[in-house]
Amino acid sequence: MKYHPIDRNLFIKNRKNFMAKMKPSSLAVFNSNDVYPVSADSTMPFEQSRDIFYLSGVDQEESILVLFPDAPNPKHREMLFLTETNEHIAVWEGEKLTKDKAFETSGVKTVFWLKEFDKVFYEVMTQVDTIYFNTNEHYRANVATETREARFIKATKDKFPAHSWAKSNPILQRLRSVKDQIEIDLMQTACDITEKGFRRVLGFVKPGVWEFDIEAEFMHEFLKNRSKKFAYTPIVASGNNANVLHYIENNQECKAGDLILLDVGAEYANYSSDMSRTIPVSGRFTDRQKQVYNAVNRVKNDATKMLVPGTMWAEYHVEVGKLMTSELIRLGLLDKADVKNENPDWPAYKKYFMHGTSHHIGLDTHDYGLLYEPMQAGNVFTVEPGIYIPDEGFGIRLEDDLVIQKTGEPFNLMRDIPIEADEIEDLMN
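Computed from a predicted model, the values in this text were never measured in an experiment. (Residues numbered from 1 in each chain as written. Predicted model: local features only at pLDDT ≥ 70, side-chain atom pairs only at ≥ 80, totals over all residues. Heavy atoms only, no water.)

Notes on helix 13 (residues 421-428)
Taken together, the buried positions of helix 13 are occupied by A421, I424, E425 and M428. Projected down its long axis, helix 13 carries its buried residues within an arc of 95 degrees, all on one side. Check the buried side of helix 13 and you find it contacts helix 8 (181-202), strand 13 (275-280) and helix 10 (287-305). (Buried < 20%, exposed > 50% of the residue type's maximum accessible area, 1.4 Å probe, protein only. Helix = DSSP H or I, 4+ residues; strand = E, 2+ residues; numbered from the N terminus. Arc of directions from axis to C-beta. Contact = heavy atoms within 4.5 Å.)

As structure tokens, this is what we get:
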């Protein structure tokens, strides 16, 4: 892995917290993701399942974690099953985790080779009543592929039909949404790498560069700083491309007078950052562009202040809508009649700001979190208002990542990334 070793105490604590929520006489199983084929003998780069990573720190394919807190044999309370490494694998693929290295990484003392899984799993299943399956129940999930986890669930239900089963996901939704300080530090590193990429781009952009040139500048800086990739598919949208919310082609020339909407973030140690900035191709905003830019920034700043313990996500978005409505009236994009006659299910401001303002972020860019419960300290949210004006040929979005504190305003992980319009202009010139 490119990233520095992570303190295994994070994973020890995460497992302890998860097991404290399990029913008596139960065990839980977590599988690595598949390595997905592309064609012929090529595969997509491996991406570890965030849940097994969260509980073990193991960042390797074909790994299985079993948690059995009530096990009669203390060695069976936490178990890792890994592909047995050997000289052939070491030469062709690089050495996999040894048993000692797996303990060093995860703090799990009992490590078996994968070939022993069926025998050991049968033994422990005869000692439990309930098995926790790890289904994906994220509110944005849209899974079209049968995963390794899904195949395991199907096979286990067939083999052990008399067992009860329970869901790991509700426990993980709660636990993963509140970040440990070690996790916050890793996210800060991801944000710091993103900052380096952004500052590099500010010195690079000028009329005539292409969107993919800018994407390449970010990737150069990310790799140089131990990030393996973008945290999500980057958006480098110049001119009217910014009005396509998930524009990812990044294949157009950046022209004088246009703005470029950048929605880009580095990952670090599987943790995401998520930044949006909007910059002028020529290094200067027009008066109108700056007027709209500052309106978006004001909404972002005021919305940020609402990210405090006790805030309800749905109510927060209503309040942000009111802020945005006022700014759009001031900009002449809406008038009071538009607001008076609006559809309550699709308020007038949605014509120019049609997406949500905040989402959880962590191991996933759209991370786990219970949106129907009050916000609490340790949650990390994005704040990303935007105004999109196709008729004027530009769109502006600004976004930071923020940690909710026990008291006071949230802590901005992107506090050092330039955002004020005047500062952007100064750095570009």
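Continuing now.
Observations regarding the sheet that holds strand 10 (residues 259-264)
The sheet built from three strands is open, its strands ordered 9-10-13 with antiparallel pairing. A single partner strand is all that each edge strand has here, and the edge strands are strand 9 (235-238) and strand 13. Across this sheet, the average inter-strand angle for adjacent strands is 15 degrees, counted without regard to direction. The sheet contact formed by strand 9 and strand 10 spans four bridges and is antiparallel. Considered in strand 10, the bridge of V236 is made with L262. (Pairing = 2+ DSSP bridges. Axes fitted to C-alpha atoms, helices over the stretch in contact; angles between N-to-C directions.)

A look at the side chain of N169
By secondary structure assignment, the location of N169 is in helix 7 (residues 169-177). Owing to a relative accessible area of 2%, N169 belongs among the buried residues under this scheme. Only 3.2 Å separates the side chain of N169 from the side chain of Y368, close enough to count as a polar contact. Look past the residues within four positions of N169 in its chain and what remains in contact with it is N134, T135, N136, E137 and Y368. (Polar contact = N/O pair within 3.5 Å; in protein donor to acceptor, adjacent residues only side chain to side chain.)

As for the nonpolar core
Among the nonpolar cores identified, the biggest contains 98 residues, and F18, I214, F218, L262, I279 and I387 are the most heavily contacted of them. A total of nine residues in this core trace back to one element, the largest contributor, which is helix 8. Built from parts of two domains, this core gets at least three residues from each of domain 1 (8-177) and domain 2 (181-428). Each residue touching L262, except ones within four places of it in the same chain, is listed here: F198, V201, I214, F218, I235, V236, M275, S276, R277 and I279. In this structure, L27, M125, F152 and F160 belong to the second largest nonpolar core, which totals 20 residues. (Core = buried A, V, L, I, M, F, W, Y, C linked by side-chain atoms within 4.5 Å. Domains from an automatic or database assignment.)

Focus on the environment of K157
Relative to the assigned elements, K157 resides in helix 6 (residues 148-159). K157 sits in the partly exposed class, given a relative accessible area of 35%. A sequence separation of 108 residues divides K157 from G265, and the C-alpha atoms of the two residues are 40 Å apart. Residues in contact with K157, not counting those within four places in the same chain, are F133 and W165.

Examining the sheet that holds strand 5 (residues 78-82)
In spatial order, the strands read 6-5-4-1-7-8; together these six strands make up an open sheet with mixed pairing. Two strands bound the open sheet, and with one partner strand each, they are strand 6 (110-113) and strand 8 (164-167). Pairs of neighbouring strands in the sheet enclose a mean axial angle of 25 degrees, with direction left out of account.

Focus: the pairing of strand 4 (residues 64-67)
With burial as the criterion, each face of strand 4 is covered, one bearing I64 and V66 and the other bearing L65 and L67. Sheet topology places strand 1 (residues 26-31) next to strand 4; four bridges connect them, and they run antiparallel. For N31, the partnering residue across the bridge sits in strand 4 and is I64. Sheet analysis places strand 4 next to strand 5, joined by four bridges and oriented antiparallel. When the bridges of strand 5 are listed, L67 appears paired with E78.

Some details on the layout of surface pockets
In this structure, the largest pocket encloses a volume near 1600 Å³. N33, R50, N136, V143 and D364 are the residues nearest the centre of the largest pocket, which is lined by 42 residues in total. Mapped by element, the contributors of at least two residues to the lining of the largest pocket are helix 2 (50-56) and helix 6. Here the lining of the largest pocket takes three residues from helix 6, the largest share from any one element. Broken down by class, the residue content of the lining of the largest pocket amounts to 13 nonpolar, 17 polar and 12 charged. (1 Å grid on protein atoms, 1.4 Å probe; cavity = no way out; pocket = protein on both sides within 12 Å on 5 of 7 lines; lining within 4 Å. Points joined across faces, edges and corners; volume = space filled by probe spheres on them. Nonpolar A, V, L, I, M, F, W, Y, C, P; charged D, E, K, R; others polar.)

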